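In case you want the letters, here they are:
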Amino acid sequence: MENLSESARRIRDVINYIKIFKDALAVIHIDDQIIDSPLLPSLIHDIALIHQAGLKVIVAPGARKQISEILDGAKIEWKIQKGSRVAPESAMPLIKTAAFDVANTIMNHFSGENRTAVIGNWVKARAKGVLDGVDYGTAGEIDKLKIDAIKQTLDDGFIPIFPCIGWNDLGKPYNISSAELAQQIACGLGAEKLFYILPEPKITTEEFSLPESVHLNDGGNIPAMNLAEAEEILRLNDCGASPKGASSENEHRAQILSLLRLAKDACKKGVERVHILNGKVDGILPCEIFSGIGSGTMVYNNGYGDLRAMQSQDIPSVLSLMNPFVQKGVLLERTAKQLKADLNNYIVYNVDEGIHACAALKVYHESGASSEATQAEICAVAVDPAYGNMGVGPKIVNYLLDKARAQKIKSVFVMTTQTADFFEKLGFAPDSIDSIPQERKKLWNPERGSKVYRMKF
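Residues numbered from 1 in each chain as written. Predicted model: local features only at pLDDT ≥ 70, side-chain atom pairs only at ≥ 80, totals over all residues. Heavy atoms only, no water.

A word on the overall build of the protein chain. Each helix and strand counted, the protein chain has 15 helices and 23 strands in total. With the C-alpha coordinates of the protein chain rotated into their principal frame, the extents come out at 90 × 50 × 35 Å. The 457 residues of the protein chain split such that 50% are buried. Summed over its atoms, the accessible surface of the protein chain is roughly 21500 Å², and 49% of this surface lies on carbon and sulfur atoms. (Helix = DSSP H or I, 4+ residues; strand = E, 2+ residues; numbered from the N terminus. Buried < 20%, exposed > 50% of the residue type's maximum accessible area, 1.4 Å probe, protein only. Areas by Shrake-Rupley, 256 points an atom, 1.4 Å probe, with all protein chains shown as cover.)

Written out as structure tokens, the structure is:
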């Protein structure tokens with residue numbers, strides 16, 4: 001029954017997200033290593049399903065590996081300088097061939113999914129030129145996007161595919177960064193989501209210096225960060241910081257930092273969320289869009305998720321959220337009538353019109369001193385497991401602690417059977433059952449054996 005309940009909640013999430021993201025725009029950058037992966041057909045299938053569900057989709061595939069191979073085969077010398085390929089003018093026809101081969105591969109896969117994708121000339125570029133004495137040759141910078149033409153293509157129901165090539169006003173082609181192209185497309189068209197799909201991206205303490213504010217998942221990776229955290233990670237790891245590990249790790253580290261810069265700037269320019277996803281996990285894209293389950297890291301602007309007072313229309317969702325915890329004996333069972341009576345005590349964590357966490361602060365007054373509140377209880381703390389590694393639990397508890405301080409309450413206690421470690425980490429200390437208000441003690445069940453933890457101000 002518990003599994004059925006959990007499945008039902010996930011299905012509700014999917015239905016909710018389909019409603020929210022209908023006609024939304026998702027820009028997807030596919031790393032060149034994923035292009036050669038056996039999982040590419042499955043990824044294209046998922047993108048086609050997302051398109052069928054009502055989202056507008058743009059794909060900007062990388063072609064670095066394919067370009068390298070074709071240039072090496074032709075014995076043309078090249079190098080990577082500050083993230084850009086430096087190659088002679090004679091290399092450009094081969095660079096174009098490789099870039100368009102990749103784009104055609106993507107288009108053919110979409111055709112097999114009965115989706116119409118088109119490759120267009122939508123990017124105006126200019127020469128990167130000579131920087132610090134280095135002639136960047138065929139490398140270009142994105143100058144302008146043909147926004148109206150792209151929008152018309154999307155409105156016609158097509159999936160635009162962008163090769164990593166741009167042209168100047170005279171029709172001269174340049175090799176441009178596909179990752180930067182995806183970001184500029186997302187910013188230029190006001191995309192709701194920007195995805196970077198690459199092999200096994202990780203932001204862990206093994207390769208990066210991380211601020212204390214970020215939360216890690218069970219694998220030690222950051223599942224999500226806000227703009228301030230992204231900027232702090234870049235500050236701690238950028239500006240000539242000593243690389244860690246072997247050269248292959250350094251390359252991964254440099255790629256992640258580059259994507260974090262692009263993600264941070266995209267969010268500042270209005271893109272709601274940027275996702276750096278593991279392309280080696282089958283089904284990762286629909287899970288990331290239509291549920292809280294995913295892999296990789298999300299960078300979000302400050303509008304993602306909000307704590308607010310619970311409203312009466314939230315009660316069914318809150319009961320559904322609590323139910324798995326009630327069945328495990330973590331929470332006491334509550335009825336809709338009880339929640340409605342205590343409505344003013346509850347707060348919820350809302351993401352995309354869905355309730356993913358809740359908690360309540362109940363204030364107790366000293367006997368005979370109706371105006372003076374000496375202690376309060378934080379109770380009914382429930383967090384969607386999919387959001388458990390995003391710091392939502394501490395966020396919601398700290399919010400209630402601040403609320404208690406503002407009311408000049410002297411201490412806050414919790415009663416728990418299975419979450420003592422969580423509260424101790426937040427600064428709560430064990431206390432006696434005799435320390436809680438008599439009103440609350442009357443409800444205490446010795447057979448349940450809840451323990452008291454308290455934080456004094």
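After that view, the rundown keeps rolling.
Judged by nonpolar contacts, the single largest core of 47 residues is most densely connected at Val27, Ile58, Phe162, Leu194, Tyr196, Leu260 and Val274. Residue contributions to this core peak at eight residues, all from helix H9 (residues 247-268). Not counting residues within four places of it along the chain, the set of residues in contact with valine 27 comprises Ile58, Ala182, Ile185, Ala186, Ala191, Lys193, Leu194 and Phe195. Of all hydrophobic cores here, the second largest spans 42 residues; its members include Leu43, Ala98, Ala99 and Phe290. (Core = buried A, V, L, I, M, F, W, Y, C linked by side-chain atoms within 4.5 Å. Contact = heavy atoms within 4.5 Å.)

Summing up the model confidence of the protein chain, the mean pLDDT is 89 and the portion of residues at 70 or higher is 92%. Of all helices and strands in the protein chain, the one with the weakest mean pLDDT is helix H1 (residues 2-21) (69), whereas strand E10 (residues 159-161) scores best (98). (pLDDT = per-residue confidence, 0-100.)

The subject of this paragraph is the pattern of salt bridges. Per the counting criterion, the structure on display carries 17 salt bridges. Here glutamate 69 and lysine 65 are joined by a salt bridge, their closest N and O atoms 2.9 Å apart. Separated by four residues within a single helix, glutamate 69 and lysine 65 lie in helix H4 (residues 64-73), roughly one turn from each other. Here glutamate 69 falls in the partly exposed class, since its relative accessible area comes to 46%. (Salt bridge = Lys/Arg side-chain N within 4 Å of Asp/Glu carboxyl O.)

With that out of the way, let us pick up the environment of valine 27. Of note, valine 27 is situated in strand E1 (residues 25-30). In this structure valine 27 comes out as buried when scored by relative accessible area, which is 0%. Considered as a pair, valine 27 and leucine 189 are 162 residues apart in the sequence and their alpha carbons are 9.5 Å apart.

On to the side chain of asparagine 350. Examined against the element boundaries, asparagine 350 turns out to sit in strand E18 (residues 346-351). Residue classification places asparagine 350 among the buried residues on the basis of a relative accessible area of 15%. One polar contact links the side chain of asparagine 350 to the main-chain amide nitrogen of glycine 354, over a distance of 3.4 Å. (Polar contact = N/O pair within 3.5 Å; in protein donor to acceptor, adjacent residues only side chain to side chain.)

Another point: the side chain of threonine 204. Inspection of the secondary structure assignment puts threonine 204 in the loop between strand E13 (193-198) and strand E14 (224-226). For threonine 204, a relative accessible area of 10% corresponds to the buried category.

Quick look at the pairing of strand E2 (residues 56-61) now. When you tally the buried positions in E2, you get five out of six residues, the bulk of the element. Looking at chain direction, E1 and E2 are connected through six bridges and run parallel. From the neighbouring strand, alanine 26 faces E2, where its bridge partner is valine 57. (Pairing = 2+ DSSP bridges.)

It is worth spelling out unusual backbone geometry at this point. The backbone of aspartate 23 shows a phi angle near 75 degrees, a positive value even though the residue is not glycine. On the secondary structure map, aspartate 23 appears in the loop between H1 and E1. Positive phi outside glycine occurs at lysine 82, with the angle close to 50 degrees. Within the fold, lysine 82 resides in the loop between strand E3 (79-81) and strand E4 (84-86). Lysine 82 sits in the exposed class, given a relative accessible area of 67%.

Attention shifts here to H4. What H4 keeps buried is the set Gln66, Ile67, Ser68 and Leu71. Packing partners of the buried residues in H4 comprise helix H2 (32-35), E4, helix H5 (92-112) and strand E12 (173-175).

Right, let's talk about helix H6 (residues 147-155) for a bit. Turning to H6, its buried residues number three or more, namely Ile150, Thr153 and Leu154. Angularly, the buried residues of H6 cover 100 degrees about the axis, an arc narrow enough to put them on a single face. Opposite its buried face, H6 presents the exposed residues Asp148 and Asp155, each directed more than 90 degrees away. Those residues of H6 that are buried lie in contact with E1, E2, strand E5 (117-119), strand E9 (140-145), E10 and helix H7 (178-189). Phi turns positive one or two residues past the end of H6, at glycine 157, with a value near 90 degrees. (Arc of directions from axis to C-beta.)

What follows deals with the state of the cysteines. One covalent bond between the sulfur atoms of two cysteine residues makes up a disulfide. Under the counting rule described, the total for this entry stands at zero disulfides. Cysteine 187 takes part in no disulfide bond, and the closest cysteine sulfur to it belongs to cysteine 267, at a distance of 8.7 Å. With no disulfide of its own, cysteine 379 lies closest to cysteine 358 among cysteine sulfurs, the gap being 9.6 Å. (Disulfide = S-S within 2.5 Å.)

Think of a pair of aromatic rings as described by two things: how far the centres are apart, and how the planes are tilted against each other in angle. The final tally for this structure, using the stated rule, is five aromatic pairs. A ring pair is formed by phenylalanine 423 and phenylalanine 428, whose centres lie 5.5 Å apart and whose planes are at 80 degrees; its orientation type is edge-to-face. Neither residue differs from the other here; phenylalanine 423 and phenylalanine 428 are each classed as buried. (Phe/Tyr/Trp six-rings, centres within 6.5 Å; stacked < 30°, edge-to-face > 60°.)

Taken N-terminus to C-terminus, the directions of helix H3 (residues 40-52) and H5 make an angle of 60 degrees; their axes are 9 Å apart at the nearest point. Comparing their axes, H5 and H3 come out oblique. Crossing of H3 against H5: the hand is right-handed. Here H3 contributes Leu40, Pro41, Ile44, Ile47 and Ala48 to the contact with H5, which in turn contributes Thr105, Ile106, His109 and Phe110. Residue composition of the contact of H3 with H5, by class: seven nonpolar, two polar and no charged. (Axes fitted to C-alpha atoms, helices over the stretch in contact; angles between N-to-C directions. Parallel < 35°, antiparallel > 145°, perpendicular 65-115°, else oblique. Left-handed = near helix turned anticlockwise from the far one by under 90°. Nonpolar A, V, L, I, M, F, W, Y, C, P; charged D, E, K, R; others polar.)

A few words on the environment of alanine 224. Among the structural elements, alanine 224 can be located in strand E14. Of the residues examined, alanine 224 reaches a relative accessible area of 10% and is grouped as buried. Note: C-alpha distance between alanine 224 and aspartate 314 (90 residues apart in sequence) is 25 Å. Among residues more than four places away in sequence, those in contact with alanine 224 are Glu229, Thr297, Met298, Tyr300 and Met390.

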